[in-house]
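Commentary on secondary and tertiary structure
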Amino acid sequence: MTTVVPYTASGKLAHLPPLQRAEADPVACRLPLLQHRVPAGFPSPADEYVENCLDLNTYLIRNRAATFFFRVAGDSMTGAHIHDGDMLIVDRSIEPRHGHIVLAVINNEYTVKRLYSVAGVVELHAENPAYPPIRFQEHEELQVWGVVVGTVARFNV
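Scoring rules and cut-offs
Residues numbered from 1 in each chain as written. Predicted model: local features only at pLDDT ≥ 70, side-chain atom pairs only at ≥ 80, totals over all residues. Heavy atoms only, no water. Helix = DSSP H or I, 4+ residues; strand = E, 2+ residues; numbered from the N terminus. Buried < 20%, exposed > 50% of the residue type's maximum accessible area, 1.4 Å probe, protein only. Contact = heavy atoms within 4.5 Å. Pairing = 2+ DSSP bridges. Core = buried A, V, L, I, M, F, W, Y, C linked by side-chain atoms within 4.5 Å. Phe/Tyr/Trp six-rings, centres within 6.5 Å; stacked < 30°, edge-to-face > 60°. Salt bridge = Lys/Arg side-chain N within 4 Å of Asp/Glu carboxyl O.

Observations concerning the overall build of the protein
Secondary structure summary: the protein contains one helix and 11 strands in total. Counting across all 157 residues of the protein, residues that qualify as buried make up 31%. Intrachain contacts of the protein at a sequence separation of at least 6 include 58% that bridge at least 24 residues.

A look at the pairing of strand E11 (residues 141-152)
Direction of pairing for strand E6 (residues 87-91) relative to E11: antiparallel, over a ladder of five bridges. The partner of Val90 across the bridge, within E11, is Val148.

Overview of the nonpolar core
If you look at the biggest cluster of nonpolar residues, it comprises 14 residues, and the most contacted ones within it are Phe70, Ile82, Leu88, Val90, Ile101, Val112 and Trp145. Taken together, the elements giving at least two residues each to this core come down to strand E5 (67-71), E6, strand E7 (101-106) and E11. Per-element accounting of this core gives the leading share, three residues, to E7. Listed in part, the 10 residues of the second largest apolar core include Val102, Ile106, Leu124 and Val144.

Quick word on the packing of aromatic side chains
One pass over the full model with this rule turns up four aromatic pairs. When the ring of Phe70 is compared with that of Trp145, the centres are 5.4 Å apart and the planes differ by 80 degrees; the resulting orientation is edge-to-face. Of this pair, Phe70 sits in strand E5 while Trp145 sits in strand E11, and the two are 75 residues apart along the sequence. For the pair Phe70 and Trp145, one class covers both residues: buried. Taken together, the aromatic side chains of Phe68, Phe70, Tyr110 and Trp145 make up a single cluster linked through ring pairs.

Here's the deal with the pattern of salt bridges
In this structure the tally under the stated criterion is two salt bridges. A salt bridge links Glu127 to Arg114, with the shortest nitrogen-to-oxygen separation between them at 2.6 Å. One end of the pair, Glu127, is in the loop between strand E9 (121-125) and strand E10 (134-135); the other, Arg114, is in strand E8 (residues 109-118), and 13 residues separate them in sequence. Classification of Glu127 by relative accessible area gives partly exposed; the value is 24%. Overall, the relative accessible area of 26% leaves Arg114 in the partly exposed class.

If you want it as structure tokens, here you go:
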């Protein structure tokens, strides 16, 4: 059976890229949050009144001490709406489970994939059919660095 273990830094993995902590700015950027949901289909009349303010730090970061940002490189997760250049919000305090999108360390390299763990079979699945699943043999360990809890994308305008 393959074991999914949390990643712990060790001397042999010291050459991995440096990580930047997600720091909440003490001067939060609170923007108006409109109560009305915006339809993505046909337009409808809106009650555009302000319900509250939205602070993205509060909305995206559950556990500040265990949260990190990563910039995505590549297209293996486009089916999960994660694109090249997007920013991942990764929480190390969440226990990885089947179906979670995780940041894993494989052969001393980071990768982001969906965790598949059913009946003793553990794999990492891309969300792009051009990429095959990463399969682990019996008694191998998969080091999960953290669970992806969100993304931040910026459109080219």
